[in-house]
Amino acid sequence: MTPTDIAAPDYFHKVVDCQWACPAHTPVPEYIRLIAAGRYSDAYMINWRSNVFPGILGRTCDRPCEPACRRVRVEEEAVAICRLKRVAADYKDDIKGRLPKPAAVKNGKRVALVGAGPASLTVARDLAPLGYTCVVFDGDTRAGGMMRTQIPKFRLPDSVIDEETGYVLDLGVEFRSGSRVDSMKALLAEGFDAVVVGCGAPRGRDLDIPGRREAADNIHIGIEWLASVSFNHVERIGRRVIVLGGGNTAMDCCRSARRLGGEDVKVVVRSGFEEMKASPWEKEDAAREGIPIHNFLVPKEFTHAGGKLTGVTFEKVKAEYDAKGRRKLVPAGEPDVHFECDDVLVAVGQENAFPWIERDTGIAFDAHGMPVIDKVTLQSTNPKVFFAGDAAFGPKNIIWAVAHGHEAAVSIDKWLHNEDVAHRPQPAVTLVSQKMGIHEWSYKNEVMPDERYAVPHRDNAAALADIAAEVELGFDAKLALAEAGRCLNCDVQTVFSAPLCIECDACVDVCPMDCITFTQDGEEADLRQRLRAPATNLAQDLYVADGLKTGRVMAKDEDVCLHCGLCAERCPTGAWDMNKFYLEVAQAGPACR
Amino acid sequence: MTYLAKPKFHHPSLPKNAIGFTRRDYEASTSTLCAGCGHDSISAAIIEACFELAIEPHRVAKISGIGCSSKTPDYFLGASHGFNSVHGRMPSVLTGANLANRDLIYLGVSGDGDSASIGLGQFAHSMRRGVNMTYIVENNGVYGLTKGQFSATADRGSKSKKGVVNTDNAIDLVAMALQLGASFVARSFSGDKGQLVPIIKAAIEHGGAALIDVISPCIAFNNHPGSTKSLDYVRAHNEAVNRLDVLLGREPITVDYAPGEVVSVTQHDGSVLRLRKLNDDYDPRDRLAAMDFLQQQAAEGQIVTGLLFIDPDAEDLHANLNTVRAPLNQLGDAALCPGSAALDKINASLR
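Fair warning: this is a prediction, and the values are worked out from it, not measured in the lab.

*Asks:* Hey, could you run me through the overall build of chain A in this one?
*Replies:* Counting secondary structure elements, chain A contains 22 helices and 24 strands. Relative to a compact globule of 593 residues, whose C-alpha radius of gyration would be 25 Å, chain A shows 26 Å and is just as compact. Counting only C-alpha atoms and orienting by the principal axes, one finds that chain A spans roughly 85 × 65 × 50 Å. Across the 593 residues that make up chain A, the buried fraction comes to 48%.

*Asks:* Whenever I open this one, the environment of alanine 298 of chain B confuses me. Can you help?
*Replies:* Looking at the secondary structure, you find alanine 298 of chain B in helix α9 (residues 287-299). Take alanine 298 of chain B: there are 17 C-beta atoms within 10 Å of it, and that puts it in the partly exposed class.

*Asks:* Help me understand the sheet that holds strand β23 (residues 553-557) of chain A in this model?
*Replies:* Whenever strands of a sheet pair, they do so through backbone hydrogen bonds, lying parallel or antiparallel. Residues and elements named next belong to chain A. Taking strand neighbours across the sheet as the criterion, the three strands line up as β21-β23-β22 in an open arrangement whose pairing is antiparallel. The open sheet has two edge strands with one neighbour each: β21 (516-519) and β22 (542-545). Averaged over all pairs of adjacent strands, the angle between strand axes in this sheet comes to 20°, irrespective of strand direction.

*Asks:* Would you mind going over helix α4 (residues 40-51) of chain A with me for this structure?
*Replies:* Given 3.6 residues per helical turn, the α-helix brings residues three or four places apart onto the same face. Residues and elements named next belong to chain A. If you check α4, its first and last C-alpha atoms are 16 Å apart, about what 12 residues at 1.5 Å a residue would give, namely 16 Å. When we look at burial in α4, the residues that qualify are Tyr40, Ala43, Tyr44, Ile46, Asn47, Trp48, Ser50 and Asn51. The inward-facing, buried residues of α4 contact α3 (28-36), α5 (54-60), α8 (81-91) and α17 (398-415). With its phi angle positive at about 65°, valine 52 sits one or two positions after the end of α4.

*Asks:* Explain the interface of chain A and chain B here, please?
*Replies:* Size of an interface: often given as the accessible area lost when the parts come together. Across the boundary between the two partners, chain A contributes 29 residues, which contact 23 residues of chain B. Mapped by element, the contributors of at least two residues to the side of chain A that touches chain B are α20 (506-510) and α22 (566-570) of chain A. Residue composition of the side of chain A that touches chain B, by class: 18 nonpolar, three polar and eight charged.

*Asks:* Any chance you could explain the domain arrangement of chain A here in plain terms?
*Replies:* Residues and elements named next belong to chain A. Examined at the domain level, chain A breaks down into domain 1 (99-202 + 352-415) and domain 2 (204-349). Put simply, the middle of domain 1 and the middle of domain 2, counted by C-alpha atoms, are 32 Å apart. Contacts between the two partners involve six residues from domain 1 and, on the opposite side, nine residues from domain 2. When the residues that make up the side of domain 1 that touches domain 2 are grouped by side-chain class, the tally is three nonpolar, two polar and one charged.

*Asks:* Is there a simple way to explain the pairing of strand β24 (residues 576-584) of chain A in this structure?
*Replies:* Within a regular strand, side chains alternate between the sheet's two faces. Residue and element names in this part refer to chain A. Bridge count for strand β17 (residues 428-433) against β24 is six bridges, and the pairing is antiparallel. By the bridge assignment, alanine 428 is partnered in β24 with glutamate 584. Inspection of the sheet shows strand β20 (residues 492-496) paired to β24 by five bridges, in the antiparallel sense. When the bridges of β24 are listed, glutamine 493 appears paired with asparagine 579.

*Asks:* Honestly, the packing of helix α3 (residues 90-100) of chain B against helix α5 (residues 120-129) of chain B in this entry has me stumped. Any pointers?
*Replies:* Helix packing geometry: the angle between the two helix axes and the distance between the axes. All names here are of chain B. In the contact formed by α3 and α5, the axes pass within 8 Å of each other and the chain directions differ by 35°. Taking contact as the criterion, the partners of Pro91, Ser92, Leu94 and Thr95 in α3 are, on α5, Gln122, Phe123, His125, Ser126 and Arg129. For the contact of α3 with α5, the class distribution of residues is three nonpolar, five polar and one charged.

*Asks:* What's the story with the sheet that holds strand β4 (residues 133-139) of chain B in this structure? I'm lost.
*Replies:* Residue and element names in this part refer to chain B. What the eight strands build is an open sheet, ordered β2-β1-β3-β4-β8-β7-β13-β9; its pairing is mixed. Whereas interior strands pair on both sides, the edge strands pair on one side only; in this sheet they are β2 (81-84) and β9 (238-240). Adjacent strand axes in the sheet meet at a mean angle of 20°, parallel and antiparallel pairs treated alike. Judged from the four bridges that link them, strand β1 (residues 60-64) and β2 form a sheet pairing that is parallel. Each bridged residue has a counterpart across the sheet, and for lysine 62 the counterpart in β2 is glycine 82.

*Asks:* Honestly, unusual backbone geometry in this entry has me stumped. Any pointers?
*Replies:* Glycine aside, the phi torsion of most residues is negative, and most peptide linkages are trans. Residues and elements named next belong to chain A. Non-glycine residue valine 52 carries a positive phi angle of around 65°. Here valine 52 is to be found in the loop between α4 and α5. Residue valine 52 is classed as buried on the basis of its 26 C-beta neighbours within 10 Å. At histidine 563, a residue that is not glycine, the phi angle is positive and equals roughly 55°. Of note, histidine 563 is situated in the loop between β23 and α22.

*Asks:* Quick question: what am I supposed to make of the confidence of the model for chain B here?
*Replies:* Detailed reading of the predicted model is not advised wherever pLDDT is low. In this model, chain B carries an average pLDDT of 92, and 96% of its residues clear a pLDDT of 70 or more. Two summary scores accompany this predicted model of the complex, namely pTM at 0.92 and ipTM at 0.91.

Conventions we followed
Residues numbered from 1 in each chain as written. Chains lettered and ligands numbered in written order. Predicted model: local features only at pLDDT ≥ 70, side-chain atom pairs only at ≥ 80, totals over all residues. Helix = DSSP H or I, 4+ residues; strand = E, 2+ residues; numbered from the N terminus. Rg over C-alpha atoms; globule rule 2.2 N^0.38 Å. Buried ≥ 20, exposed ≤ 12 C-beta atoms within 10 Å, placed from the backbone. Pairing = 2+ DSSP bridges. Axes fitted to C-alpha atoms, helices over the stretch in contact; angles between N-to-C directions. Expected span 1.5 Å × (residues − 1). Contact = placed C-beta atoms within 7 Å. Nonpolar A, V, L, I, M, F, W, Y, C, P; charged D, E, K, R; others polar. Domains from an automatic or database assignment. pLDDT = per-residue confidence, 0-100.

Written out as structure tokens, the structure is:
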């Protein structure tokens, strides 16, 4: 098979599973090492540069990095990457002096940003220091968008949002709070050079079943209800509450309801428990607060008496899979189930809504009402207008919004410098040996089985008594050090040099995971079967090098490599070396033009 | 030399053998030999062989002398018995242990200094007595522990790392073992586990004195262009006469070979050794031809490897001495020391 080109940035990037899985490609192992070293501010700044909201994300991120973590494949549970990020935010010193300064000279270009959520603020963060005049519009008085309105305070305190949105607004960004944009046409008429639509997916999906209208007073749309709770417009809910839906919004709804007088709160989902969209840890949090989840129940009717909601009737279903493995929910043929309740929260999904974008502004929309935009550049059919975050491709999460923000900023920066936006900048990559001496490496490579450490929680009774009391208390320094020690340092790469290799087999013999094989070359599918341990995880690459004296190839399966460095330590000639791979995604600025 | 312990993690698909152990269960403490040492590869091959044979580690006694090679029993089979004996005296200690308990599997681990210099007499007598053991010589041609002087197996004309030419003739332990009556004689190379592992398995299954001379390049002192025991030299001059498959009695034979290509040898314990011939004229059951062939190839500078000689009907020291089937260490006092009446009877028979 073709020898591996390790100079291509993607090759080693993929080996750092967490960083590869992160939409913003935050250099995770690097900041975890800094946390272990007690350098919280440095760890925070790496995060801040990459994902803009480390304190917020350290509490609320959807953590695509964690299922990707190599610890899952060699042990069981991922490194608590997300909660370590929070450690950096919690224990950092005052980092204001390390932030960019507002541009001393403006470049004369004006960018309007619709919505003060993570997507818009990321664009502003990247562009304002470059001299762009960034104007953020939001109907609310404070910045944060849905991070502030939809995430309950017991998960994300206002102070954290204030701090991190503040860092962005302090870069000389103009924030027009309480000023909702009602017309794209009017906005474009103000003469902005570019417009970023970062208004999220603001409409909660409704459930149009019998009884919906009659019992409307006690049926609430989840995200609207959460926003009302956030603004203290709602302070009570009935004693018995049913939450419909199985996503993270449903989890936020049920846990909020528990704190506002809901004693008997239950979640009811159409799907099976396992297939629920909510993150496993959010389901665990709900369970810890005594909230049962009933599955395979499809809501059929809201029952009511005298104009007042009395409960919900559900049809029991079961899952059936067709030949292609697609799931279909079919009636189970059992009697319907009726749960009594005082209030229902409907959290069955969110939709985009752009009633304020006139259809004659040059922005094309598809049949589903979504804007037609380039997946990479995020540019709409009106080249001045860019979409980012949930507004671009429908509801995702904060870290995707940040990633979009960075890309939109690059596009705008190039566009306004008359460059081809389709031509994307390469990431900045370094690869540096970590060898300090014969047996000394600049990273901790004693890899041991070590189970994930739990984040301490506030006592349940105290947590349920106050909707603003943060439930998770975060790791203390000692726990953070222990958890950081679980990181396998996947960014410290095994780098092989065939001309130096004498084929003594020392690396093959010592590798605890049987990753390395010297064998006759072959096609990849054949080679994968002939390795010391078969390489069955096709998502993980083989590292193949030729040029050996015997004519064989070195084939290393990256899948379960522990990055312990024993191959390099046992190598008599330095043919193996451990090199730290550091990749930073290019951000807007002169370097990427 | 490694200071890091090997992590306890293993590959998720790591197989188990018939008695439920993984290959990792046959490992021991971390090697302190130089990085790249051929001896570490031999340790790995012993681990592989014992795993594949599904040997219970506590049924093995590993006995060694002094030297780099003799340190290695610390790096494999951590749950086995071990005796790191006096320099060159491994064969005597092993013979004694074997006489006391014939039920264990004996691995004698030695080097070229330990066996061909100080222990040459011990080596010779253990071979001629037919002690049931696997005698592994980790042969690198230098004294690595004392920084690279020529050993007794270094070829005449080969060069030291500093460029000094060796003027002494080499001792060929394989030729000696053949001459001394060893019933299993093989030579292999630490850099070819595909050949070495089956040979170790066959030797363990063999019921007599089995010698394996393993060329094991010393990366620190004897892996340079003037050496005849370097990785490159051995690879370039390796004259392998056969490839070996070891089949335990219960395993079905699944691979077919054309007639004439394969020699099957059934050993005493029922294990079948299947030798795929690489050299058409070589018959490993012919001791005299083997000796001839070795001499011819040696004269041409070739290193003959493979299973060079096997006597499948070998008898060992216990058979020669007509000892009882039960291990002596399990006999009671009455059996071991039958008393003065029995002695009188023996004495009377000699008068």
